Amino acid sequence: MNLLGSCMKRGQTGCHRGGLAGPCQVLLLACCILVVLGAKPKTPGHKHLNSIRIDGDISLGGLFPVHARGNDGKACGELKKEKGIHRLEAMLFALDRINNDHELLPNITLGARILDTCSRDTHALEQSLTFVQALIEKDGTDIKCLSGGPPIITKPERVVGVIGASASSVSIMVANILRLFRIPQVSYASTAPELSDNTRYDFFSRVVPPDTYQAQAMVDIVKAMRWNYVSTVASEGNYGESGVDAFIQKSREEGTVNPRLYHDPSQSCCLILACTLNKQRGVCISQSVKIPREPKPGEFDKIIRRLSENPNARVVILFANEDDIRRLLQAAKKDNQTGHFIWVGSDSWGSKISPILNQEEMAEGAVTILPKRQSIRGFDRYFISRTLDNNRRNIWFAEFWENNFQCKLSRHALKKGSGIKKCTNHERIRKDSSYEQEGKVQFVVDAVYAMAHALHNMHKELCPGKVGLCSKMETINGTMLLKFIRKVNFTGIAGTPVIFNVNGDAPGRYEIYQYQMKHNTTEYKIIGHWADQLHLDTKEMWWPGGTLQVPQSICSQPCCPGERKKTVKGVPCCWHCERCDGYQYQADTYSCKMCRFDLRPNENHTACEAIPIVKLEWSSPWAVIPVLIAVLGIMATMFVVGTFIRYNDTPIVKASGRELSYVLLTGIFLCYATTFLMIAAPDVGICSLRRIFLGLGMSISYAALLTKTNRIYRIFEQGKMSVSTPRFISPASQLVITFSLISVQLLGVCIWFGVDPSQAIIDYEDQRTSNPNMARGVLKCDISDLSLICLLGFSMLLMVTCTVYAIKTRGVPETFNEAKPIGFTMYTTCIVWLAFIPIFFGTSQSTEKMYIQTTTLTISVSLSASVSLGMLYMPKVYVVLFHPEQNVPNRKRSLKAVVTAATMSNKFPTKAGLRPNGEAKSELCESLETQALASKQTYISYSNHAI
């Protein structure tokens, strides 16, 4: 490492550790310059072996990478024909044009001091000290001539501005020195975004756009191709690292691709047919690799292996120098990755041939970018006319000549058997060698012209009307010159405007190229351009394998409708697709939400839809059977009522207790009618009637039966003790007791109405199945299972009490009373309701709950009514209609005789065969009559005895 480089590296480490990188580095540069200058030999006539010097009234500096970076401790390596010689000659070409232009800087000649940077920033820094030597006063007091006189010190020409450098790292290093001495700098190729910092590089300008524009253009290309998962490769240094950083930053700011999905019935999932942009996520980086300044053997193979770790990230963003690109492609070819990687190269690749020479198949489909440029025909004529004789001012031209024509100028340099011929000086460029103008020639010319126009405008202001330099321009003020540079506005040699913004940057204008291989021919084809917006002709693009279909570079396939993205931590472009299951729907790309209680997800779970409402329909099998039973029951009830009314004054009707019979029949009718209320569509009116009549019919029936059994029980219990008449056994008393019991049921219903008014509701929980497609909302009345038990509770209590009395009166002579038919009725009713309870409550979790419970309840109520109707009234109707001979009046006897006879009948056996059909009617036991009347049956009316 040279002295200046060592000084800079040691000092930069200390500056960064101290956290004062800006001011510290400026002071550091000044100290290093003094160290280097002090270390240089002070002998007169020190030669500039690596520079071109052209005399003129005003001198401009030039920095060009004439040679590549050296190896094995050497500062410089092999000659760079295009990036070095072409660009250097472009500056000489521009100087010739300006000096021959009578309108621009008339009578003022521009000279130059052009240096070789050897593509190394530290070497360029040392070389550029030449530009500032004229500004440093040298102390010659201690220098004596042999004659004793004062020494004559030749002061070097003063450089007022510098054209260059090429690499951003070199420009950054040089800019730190030039700003100390206020020397403006105009670069023709440095594009690092860092150089746009006007506080640190205030004397730096450039005629090429910064990489922030280039990065934006590359992000737009990635978006247009619908890529969202890429890798980046950068050469170590300001250009590569800053370019990748700018790309990543722009991708985050700009957003990424959000696929819009369309269904394809032939596919199992979905296809991407179009896309829209959003501002939520950036392009994701799979691998971000940096190429060292001094790559070790196998370094590029290792980089290719890293890039291959994720095969989904096929696109590689390249901000690398020409040599690194060539070696990276070689490593990819060695790893047999032909056609896998899609390269997106920056302007360092552009449309150059050298990076892809002999490995064209690896670069097929590569998309590259270059600042918009145009080949300068005047330069082509100038350059191909250069020979060894007319271009002696270029000290490296002889080396170029040997390299270009594969010959040697010196006979002594020839080796036997090497196959290299001696140069004849008759070789001609383009005729005897290939030639293609280097891409940055236009910008070198524009940079020189920008400096010339600034000097011209400065001369017009400082030396108005004077031809040639005036005294005010003998020492040019760099700060003033910088202001004129930033204000220039002229048409460049290619016809594009040359202007600078406040940071000294040129506007972004790029051309987009693709390297294509068609029909055994290769070319860089222009496929679009970028100027604040991307204009891309995708129809002209050609991808590896000769296909027109854009290759994919995405981490994860788009999720189907109804699936949410579960992103991989730290990689927002990679995700797993999770189905929104159950009652969830896809609220957005990344989340599922539950549908509202009355909604369910649609078929693909992208939205919610209303849950269908169901109710028990009249046509349902669950309703047909109860309705059929109810209709038959109502018809039977009406038939019994009609028969009783028709034979209202006959002994059997009178003996059955007409008043309570009609009350009981009314209750039976209401029990059957309740079925229609339970099946009817619920509304406020229907629900109110359900509350009233569901328990009322049973309460009326069992209240009447309880009154009957209680009357019989009291009569015969009283008869055992005395012959006095029990209280409250008259028909009027029995009705009062019955209606008192019924009123308790009505009072409870009224209280329920007051506390909780009746209403129809939609229950979404009854049929909320695990499968949302089977979910239904049930339209029903707001009667819970507990409310139903309370509603029927009083009826159940009456039923149990009646059953108890039926059991107690089981010893009453069967030929005398209705106790046993009532007992059988209650036993059967209890069995019905005992079966009802487990069925009703056992199906509470069933999806068919509404149908099963409604059917069970209505059939149970109808069966209870049918049992009462069948056991209590059908025998009487049978006798009345088919055995009228038995429906005749008997002689009237006193209550005392009847009760005494009934009590005594327990002591004698009965003759079962004399019981007319087992009907419950009041008759005397045959053993208490005379033997002559054994076959005669005597009927005693309850009404006559007020029983």
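Parameters at a glance
Numbering of residues starts from 1 in each chain and follows the order in which that chain's sequence is written. The predicted nature of this model means local features are confined to residues of pLDDT at least 70 and side-chain atom pairs, given and counted, to a pLDDT of 80 or more, with totals for whole chains, interfaces and linings taken over all residues. Just so you know, side-chain values use all the structure's heavy atoms and leave hydrogens and water out. Two strands form a pair only when DSSP identifies at least two bridges running between them. The way it works is that DSSP assigns letters per residue, a run of H or I at least four long becomes a helix, a run of E at least two long becomes a strand, and they are numbered from the N terminus. What counts as a salt bridge is simple: a side-chain nitrogen of Lys or Arg found within 4 Å of a carboxyl oxygen of Asp or Glu. Think of it in three bands: residues with accessible area under 20% of the maximum for their type are buried, residues over 50% are exposed, and the middle band is partly exposed, with areas taken using a 1.4 Å probe on protein chains only. Disulfides are defined as cysteine sulfur pairs within 2.5 Å. Each patch is built from residues that are more than 30% exposed by relative accessible area and take part in no salt bridge. Like charges join if they lie within 9 Å; nonpolar side chains (Val, Leu, Ile, Met, Phe, Trp, Tyr) join within 5 Å. With residues, only the protein chains shown are counted as cover, and all accessible areas are computed by Shrake-Rupley using a 1.4 Å probe. Note on geometry: axes are lines fitted to C-alpha atoms, helical ones only across the stretch in contact, with angles between N-to-C directions running from 0 to 180 degrees. Note that the term roughly parallel is reserved for angles under 35 degrees, roughly antiparallel for angles over 145, roughly perpendicular for angles of 65 to 115, and oblique for everything else. We call two residues contacting when some pair of their heavy atoms lies within 4.5 Å. Charged residues are taken to be Asp, Glu, Lys and Arg, nonpolar residues to be Ala, Val, Leu, Ile, Met, Phe, Trp, Tyr, Cys and Pro, and polar residues to be all remaining types, Gly included. Ring geometry is summarised as follows: Phe, Tyr and Trp rings, the Trp one being its six-membered ring, pair when their centres sit within 6.5 Å, and such pairs are stacked at plane angles under 30 degrees, edge-to-face over 60 and tilted between the two. Working rule: Lys NZ or Arg CZ, within 6 Å of ring centre, within 35 degrees of ring normal, means a charge sits over the ring. When the strands point away from the viewer and the connection leading from the first strand across the helix to the second strand turns clockwise, the crossover is called right-handed. Every residue gets a pLDDT, meaning the predictor's confidence in that residue, from 0 to 100. UniProt positions are given in the numbering used here, feature names are shortened, and annotations may be inferred rather than shown by experiment.

## Observations regarding the pairing of strand S4 (residues 76-79)
Within a regular strand, side chains alternate between the sheet's two faces.
Working step 1: For strand S3 (residues 67-69) and S4, the ladder comprises two bridges, and the chain directions are antiparallel. Following the sheet pairing, Arg-69 is matched in S4 by Cys-76.

## Considering the pattern of salt bridges
Working step 1: Counted under the stated rule, the structure contains 25 salt bridges.
Working step 2: Among the ionic pairs, Lys-223 bridges to Asp-220, the shortest N-O distance being 3.5 Å. Taken together, the residues Lys-223 and Asp-220, both in helix H7 (residues 211-224) and three residues apart, mark about one turn of the helix.
Working step 3: For Asp-220, a relative accessible area of 11% gives the class buried.
Working step 4: A salt bridge links Glu-609 to Arg-600; its shortest N-O distance comes to 3.5 Å.
Working step 5: Judged by relative accessible area, which is 34%, Glu-609 ranks as partly exposed.
Working step 6: For Arg-600, a relative accessible area of 11% translates into the label buried.
Working step 7: Sharing partners across several salt bridges, the network here consists of Arg-564, Lys-566 and Glu-578.

## Some details on the state of the cysteines
In protein structure, a disulfide is the covalent linkage between the sulfur atoms of two cysteines.
Working step 1: Scanning the entire structure with this criterion turns up eight disulfides.
Working step 2: Note on cysteine connectivity: Cys-463 is disulfide-linked to Cys-470, with sulfurs 1.6 Å apart. Measuring handedness by torsion sign, the sulfur bridge of Cys-463 and Cys-470 sits at about -60° and is left-handed.
Working step 3: Taking the relative accessible area as the measure of exposure, Cys-463 reaches 4% and is therefore buried.

## Observations concerning a nonpolar patch on the surface
Working step 1: On the surface, a cluster of nonpolar side chains totalling about 380 Å² of accessible area is made up of Leu-628, Val-631, Leu-632 and Met-635.
Working step 2: For Met-635, the location among the structural elements is in helix H16 (residues 621-646).
Working step 3: Look at Met-635 and you get exposed, because its relative accessible area is 53%.

## Concerning the packing of helix H18 (residues 658-679) against helix H20 (residues 731-755)
Working step 1: Closest axis-to-axis distance for the H18/H20 pair is 9 Å, and the angle between their directions is 25°. Considered as vectors, H18 and H20 are oriented roughly parallel to each other. Of the residues in H20, those in contact with Glu-659, Leu-660 and Val-663 of H18 are Pro-731, Gln-734, Leu-735, Thr-738 and Phe-739.
Working step 2: Of the residues assigned to the contact of H18 with H20, the class counts are five nonpolar, two polar and one charged.

## Notes on the packing of aromatic side chains
Working step 1: Tallied over the entire structure, the rule returns 22 aromatic pairs.
Working step 2: Plain terms: the ring middles of Trp-401 and Phe-405 are 4.6 Å apart, the flat faces sit at 55° to each other, and that makes the pair tilted. Of the two residues, Trp-401 and Phe-405 both sit in helix H13 (residues 397-405), four residues apart, roughly one turn of that helix.
Working step 3: Its relative accessible area of 0% is what places Trp-401 among the buried residues.
Working step 4: Through a chain of ring-to-ring contacts, three or more aromatic side chains come together here, namely Phe-93, Phe-379, Tyr-382, Phe-383, Phe-397, Phe-400, Trp-401, Phe-405 and Tyr-435.
Working step 5: The residue whose ring lies beneath Arg-691 is Phe-753, and the NZ or CZ to ring-centre distance is 5.3 Å.
Working step 6: Over the aromatic face of Tyr-583 sits the side chain of Arg-768, whose NZ or CZ is 3.9 Å from the ring centroid.

## Some remarks on unusual backbone geometry
Peptide bonds are mostly trans, and most non-glycine residues show a negative phi.
Working step 1: With omega at 0°, the peptide bond leading from Gly-164 into Ala-165 counts as cis.
Working step 2: In this model, Cys-118 sits at a positive phi of 55°, which is unusual for a non-glycine residue.
Working step 3: On the secondary structure map, Cys-118 appears in the loop between strand S5 (110-116) and helix H4 (121-127).

## Overview of the pairing of strand S6 (residues 159-163)
Working step 1: Most of S6 is tucked away: five of the five residues are buried.
Working step 2: Relative to strand S7 (residues 185-187), S6 is paired through two bridges, and the arrangement is parallel. Paired with Ile-163 across the bridge in S7 is Val-186.
Working step 3: Each parallel crossover has a hand, and for S6 linked through helix H6 (residues 168-178) to S7 it is right-handed.

## Observations concerning the confidence of the model for the chain
Working step 1: On average, residues of the chain score 81 in pLDDT, and 80% of them reach the 70 mark or higher.
Working step 2: Within the model, the stretch residues 16-23 combines pLDDT values under 50 with five contacts to residues more than four positions away or in other chains.
Working step 3: Confidence drops under pLDDT 50 across residues 906-947; counting only partners more than four residues distant or on other chains, this segment forms 85 contacts.

## Examining the UniProt feature "transmembrane region" (unreviewed entry) in the chain
Working step 1: UniProt feature "transmembrane region" (unreviewed entry): in the numbering of this structure it lies at residues 622-648, 660-682, 688-707, 786-807, 819-841 and 861-883.
Working step 2: Annotation note: span residues 660-682, helix share 87%, strand share 0%, distance between end C-alpha atoms 33 Å.
Working step 3: Within residues 861-883, the helical portion is 91% and the strand portion 0%, while the C-alpha atoms at the span's ends are 32 Å from each other.

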